[in-house]
Structure formats: structure tokens, C-alpha cells
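What the coordinates show
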Amino acid sequence: RPLDPAEVASAATSPEIASEMYLASVLVADETNFMERSYLDELARQLKLDAALKTRLEAEVKANTEAR
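This report concerns the structure included in the present document. (Residues numbered from 1 in each chain as written. Predicted model: local features only at pLDDT ≥ 70, side-chain atom pairs only at ≥ 80, totals over all residues. Heavy atoms only, no water.)

1. Considerations on the environment of Ala-67
Stated formally: Secondary structure is summarised from DSSP: a helix means a run of H or I of at least four residues, a strand means a run of E of at least two, and numbering begins at the N terminus for each.
Note that Ala-67 resides in the segment after helix H4 (51-66). In the structure, Ala-67 is positioned 52 residues away from Pro-15 in sequence and 28 Å away in space, judged by C-alpha atoms.

Next comes the structure, spelled out in C-alpha cells:
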């Protein structure tokens, strides 16, 4: 069954853990896939990530992926 962003976010016990959880999700998700992009957006909302932090984490993943 698909992951529930609210259920996943409930495991975050600190802002640092929330950031790490989002970062891990971005690493495995295909951002070009509508459903996966929707999942990431909802996960970020459930984790209460600041928009700037969300953008920075996504850019970090993209930069590291392109460097390979």
C-alpha cells in the first residue's frame, strides 16, 4: 500500500529528524512522477518544513545526483 505522509511524518521527533526524513524521501522519489511529487509536497507539509528548507534540501539532492 502507498505510504501515508501523515503517518510517516508522525515518526519525526525533532526538526532535524523531519529534515532527514524529507531528504531521504527526495533521494528515492521520482520528482517528475505526479504521484511521487504530490507525496513529497504532502510529506513536507505534514513535517511542517519551511518552504526555503524544502527547496534547499531538494536542490542539495539534485546537485549531488548531477555530480555523479
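2. Quick notes on unusual backbone geometry
Cut-off, in case you're wondering: Remark: exposure states derive from per-residue accessible area (1.4 Å probe, protein chains only) relative to the maximum for the residue type, with buried under 20%, exposed over 50%, and partly exposed in between.
Positive phi is not limited to glycine here, since Lys-48 has a value of about 60 degrees. Positionally, Lys-48 belongs in the loop between helix H3 (34-46) and H4. Take Lys-48: its relative accessible area is 72%, and that puts it in the exposed class.

3. Focus on the pattern of salt bridges
Counted only if it meets this: Put simply, a salt bridge is a Lys or Arg side-chain nitrogen that is within 4 Å of an Asp or Glu carboxyl oxygen.
In total, this model carries six salt bridges according to the counting rule given. For Arg-45, the salt bridge is made with Glu-42, and the minimal N-O distance between the two is 2.8 Å. With Arg-45 and Glu-42 both in helix H3 and three residues apart, this pair spans about one turn of that helix. We classify Arg-45 as exposed; its relative accessible area is 55%. Across the pair Lys-54 and Glu-58 runs a salt bridge whose closest N-O atoms are separated by 3.9 Å. Separated by four residues within a single helix, Lys-54 and Glu-58 lie in helix H4, roughly one turn from each other.

4. A word on the packing of helix H2 (residues 15-28) against H4
How we decide: Every angle, taken between N-to-C directions, lies between 0 and 180 degrees, and every axis is a line fitted to C-alpha atoms, over only the stretch in contact when it is a helix. In this scheme, roughly parallel covers angles under 35 degrees and roughly antiparallel covers those over 145, while 65 to 115 is roughly perpendicular and the rest are oblique. Helix crossings get a hand from a simple test, with the near helix turned counterclockwise from the far one by less than a right angle marking a left-handed crossing and a clockwise turn marking a right-handed one. Any two residues having at least one pair of non-hydrogen atoms within 4.5 Å are treated as being in contact. Under the grouping applied here, Gly and all other residues not named as nonpolar or charged are polar, the nonpolar ones being Ala, Val, Leu, Ile, Met, Phe, Trp, Tyr, Cys and Pro and the charged ones Asp, Glu, Lys and Arg.
Look at H2 against H4: their axes get within 10 Å of each other, and the N-to-C directions meet at 45 degrees. By the angle between their axes, H2 is oblique relative to H4. Where H2 crosses over H4, the two elements pack in a sense that is right-handed. Residues Ser-19, Tyr-22, Leu-23, Val-26 and Leu-27 of H2 pack against Leu-53, Lys-54, Leu-57, Glu-58, Glu-60 and Val-61 of H4. A per-class count over the contact of H2 with H4 returns seven nonpolar, one polar and three charged.

5. What about the side chain of Ser-25?
As for its placement among the helices and strands, Ser-25 is situated in helix H2. The class of Ser-25 is buried, set by a relative accessible area of 12%. In contact with Ser-25, not counting residues within four places along its chain, are Tyr-39, Leu-40 and Leu-43.

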